[in-house]
Amino acid sequence: LPHLRGGGSSRIGDFVALAFNAATSGVDALRPAGVKIMGEVVEQFCDEADPHYEGHRILELYQAQIFASLRPAFEAVLGDGGGGGGGGGDANPHLVAVATGVLTRYVLLVPHEASVVAKLLRPLQRVLLRLRTLAFANYS
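Predicted, not measured: the structure shown is a model, and the values here were computed from it.

### Some points on the nonpolar core
- Counting 32 residues, the largest nonpolar core has Ile12, Val35 and Leu59 as its most contacted members.
- In terms of residues, this core owes the most to one element, helix α5 (residues 93-109), which gives eight residues.
- If near-sequence neighbours (up to four positions away) are discounted, Leu59 is found in contact with Ile12, Val41, Val42, Phe45, Cys46, Ile66, Tyr106 and Val110.

### Describing helix α2 (residues 12-23)
- For α2, spanning 12 residues, the distance from its first C-alpha to its last is 16 Å, which sits close to the expected 16 Å at 1.5 Å a residue.
- For α2, the full list of buried residues reads Ile12, Val16, Ala19, Ala22 and Ala23. Burial along α2 is one-sided: seen end-on, the buried residues are contained in an arc of 135 degrees.

### A look at the pattern of salt bridges
- All chains considered together, the criterion is met by three salt bridges.
- Arg105 is the partner of Glu43 in a salt bridge, and the nearest nitrogen-oxygen pair spans 2.8 Å. Here the residue Glu43 occupies a position in helix α3 (residues 30-45), and Arg105 occupies one in helix α5, the gap between them amounting to 62 residues.

### A word on the side chain of Ser25
- Here Ser25 lies in the loop between α2 and α3.
- In contact with Ser25, not counting residues within four places along its chain, are Leu30 and Arg31.

### What about the confidence of the model for the protein chain?
- Confidence in the prediction for the protein chain averages 81 pLDDT; 78% of positions are at 70 or higher.
- Per-residue pLDDT, averaged within each element of the protein chain, yields its smallest value for helix α1 (residues 5-8) (55) and its largest for α2 (95).
- Here residues 82-86 is modelled with pLDDT under 50, and outside its nearest four sequence neighbours on either side it reaches 13 contacts, counting other chains as well.

### Concerning the environment of Ala118
- Looking at the secondary structure, you find Ala118 in helix α6 (residues 114-129).
- Taking relative accessible area as the criterion, Ala118 reaches 40% and is therefore assigned partly exposed.
- Sequence separation between Ala118 and Val107 is 11 residues, and the spatial gap between their C-alpha atoms is 9.8 Å.

Rules and cut-offs
- Residues numbered from 1 in each chain as written.
- Predicted model: local features only at pLDDT ≥ 70, side-chain atom pairs only at ≥ 80, totals over all residues.
- Heavy atoms only, no water.
- Core = buried A, V, L, I, M, F, W, Y, C linked by side-chain atoms within 4.5 Å.
- Buried < 20%, exposed > 50% of the residue type's maximum accessible area, 1.4 Å probe, protein only.
- Helix = DSSP H or I, 4+ residues; strand = E, 2+ residues; numbered from the N terminus.
- Contact = heavy atoms within 4.5 Å.
- Expected span 1.5 Å × (residues − 1).
- Arc of directions from axis to C-beta.
- Salt bridge = Lys/Arg side-chain N within 4 Å of Asp/Glu carboxyl O.
- pLDDT = per-residue confidence, 0-100.

Below you can see the structure in the form of structure tokens.
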């Protein structure tokens, strides 16, 4: 998506919606592409100022959609929607890796309060805590 910046800031909502819809699609093959697009959106617009709120970045407005597009990748690893049981059998390791990269870039590139960073990193932390027992049965 090399041309997002050229006039794209007025359409950032469209880019976020496109990425979100693909990342949360019922079609497994679309999910990694959606997460990758969301990563491109984060990269391209991380420095874009919010025209309505001085001192804030435009991506802060889309934090919920960005986070919600990544959550299914982590929940698939955890099994039952994040509560505990399960364990990665249906998870796509490539999707988890891409989502981890996007989440990391988002946290590093867009300023957040400490409480927001903790909330954003919680799903990744839970996956990392299960790393020793994590098995991708469908890919082994």
